[in-house]
Amino acid sequence: MAKPRLYSVLETQSRDPRFAPFVHQDAYGVWGLKPQPLPEIILKLVLGILVAPLKATLTVFGLALACNTCRVEKYLMPVLSISKEYRAAWTLYWGKIWIRLALFGLGFLSVSWIKLDHLDVRKQAETETEAPVIVSNHMGWSDILVHMSRSWPAFVAKEGIDKVPIVGYISQHIGFIYAMRAIKETSKSAAVQLKDRIAAKAIDPTSSVRPMQVFPEGTTTNGRYLCKFKTGAFLAGAPVRPVVMHFLNQDYVSPSWESINIKRHIFIMMATLFHKVICYELPIYYPSDAEKQDPVLFAENVRQNMLSYCGNQGVPNLIPCDSTLENKLEYHKLSKATIAEHSGKFRKSIKKE
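About the thresholds
- Residues numbered from 1 in each chain as written.
- Predicted model: local features only at pLDDT ≥ 70, side-chain atom pairs only at ≥ 80, totals over all residues.
- Heavy atoms only, no water.
- Pairing = 2+ DSSP bridges.
- Helix = DSSP H or I, 4+ residues; strand = E, 2+ residues; numbered from the N terminus.
- Axes fitted to C-alpha atoms, helices over the stretch in contact; angles between N-to-C directions.
- pLDDT = per-residue confidence, 0-100.
- Contact = heavy atoms within 4.5 Å.
- Buried < 20%, exposed > 50% of the residue type's maximum accessible area, 1.4 Å probe, protein only.
- Left-handed = near helix turned anticlockwise from the far one by under 90°.
- Nonpolar A, V, L, I, M, F, W, Y, C, P; charged D, E, K, R; others polar.
- Parallel < 35°, antiparallel > 145°, perpendicular 65-115°, else oblique.

Draft legend 1. Structural detail: the sheet that holds strand β2 (residues 133-136). The seven strands lie next to each other as β1-β8-β7-β2-β5-β3-β4, forming an open sheet whose pairing is mixed. Lying at the two open borders of the sheet, with one neighbouring strand each, are β1 (108-115) and β4 (177-179). With strand direction ignored, the average angle separating the axes of adjacent strands in the sheet is 25°. Bridge analysis of β1 against strand β8 (residues 275-281) gives seven bridges, and the strand direction is parallel. Residue pairing in the sheet places I114 in a bridge with Y280 of β8.

Right, here's the structure in full:
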């Protein structure tokens, strides 16, 4: 945990309204560095030693089973002359089960999905098929597993994910699109791939190609805000399924990974007995002709549609904001410089003693 003086500085820096969506908000405070009472420290140490290894083992076991399910579909089933349609359905069924097991290992004892009705009663009779793209607010690395346990979608992922053991093979099998945020050419290529994939799925919704899952905010937040959407998911002008995710126990330990060291976050998550998440599935949003021609308009209208459900049918309120990834990077740079400065002063004081 941080020294009280350092934590006070970090807390002051986090009050800038531009940084509000990216400030870690739970009992562990800003950057997960809030000084904790002795009983909480002892509890986390005990759970970290006794429970965390069991949870980690179960999580990896679930992911390994999902990976082997993909391998069986690719290598064994063709030899047995099993139809492509059955192979895809088999992997979809068992893959979701094994990912749910991995989530259970992480401590997600409760993962609830609630399908919402149209706010406009005149649209209640509309029948829905699988949307070619799913859009959702984004809070952390566990979001991906939550969505995979529901719809087994493909994602746009950072370059290098395909090389991660177990996870990499699953991502390749499902058909993830890989992109490097720092290289413009790659990002454009990923956008084109995303557009083409969504358009193809829209033309043939019954195909075995999995729908795309996109987090249009372009970064993670603390789950209390909804930032402006990027246009990638909307370039194809295809129908989208909006989803609003909400962690129930985030005031104690938040699964949101927006501004906290990844190792610290994983440890705190694993040393916490359980987490709960509710996902609200909104009705499929069908774009108008104007929205099909203007992805910026389409993106903003879907965002406003999601916000319109907040406070209705049990959906928690999300605060609309204009903060961007650039604001988040600025906040991280400022906080890390502060942490480094205070760490240097601490080391110097140790040497003097």
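Don't stop here, the text continues.
Draft legend 2. Structural view of the confidence of the model for the protein. Looking at the protein, the pLDDT average stands at 90 and 91% of residues meet or exceed 70. For the protein, per-element mean pLDDT is lowest for helix α11 (residues 325-352), which scores 77, and highest for β2, which scores 98. Here residues 181-186 is a poorly scored stretch, pLDDT under 50, and it has eight contacts once near neighbours within four places are set aside; other chains count. Note that pLDDT drops below 50 for residues 346-353; the model gives that stretch one contact with residues more than four away or on any other chain.

Draft legend 3. Fine view of the environment of K195. Turning to its location among the elements, K195 is positioned in helix α7 (residues 184-203). Classification of K195 by relative accessible area gives partly exposed; the value is 40%. For K195 and L50, which are 145 residues apart along the polypeptide, the C-alpha to C-alpha distance reads 47 Å. Among residues more than four places away in sequence, those in contact with K195 are L235 and A236.

Draft legend 4. The arrangement of the packing of helix α4 (residues 84-106) against helix α5 (residues 142-151) in detail. Closest axis-to-axis distance for the α4/α5 pair is 7 Å, and the angle between their directions is 145°. Seen from above, α4 lies across α5 with left-handed handedness. Counted together, L92, K96, I99, R100, L103 and L106 of α4 and S142, L145, V146, M148, S149, R150 and S151 of α5 form the full contact between these two elements. Tallied by class, the residues present in the contact of α4 with α5 amount to seven nonpolar, three polar and three charged.

Draft legend 5. Molecular detail of the packing of helix α2 (residues 38-50) against helix α3 (residues 52-76). It is the contact of α2 with α3, at a shortest axis distance of 4 Å, that shows an interaxial angle of 45°. Taken together, α2 and α3 sit at an angle that is classed as oblique. Taken together, the residues of α3 that come into contact with α2 (itself represented by L47, G48, I49 and L50) are A52, P53 and L54. When its residues are assigned to classes, the contact of α2 with α3 shows six nonpolar, one polar and no charged.

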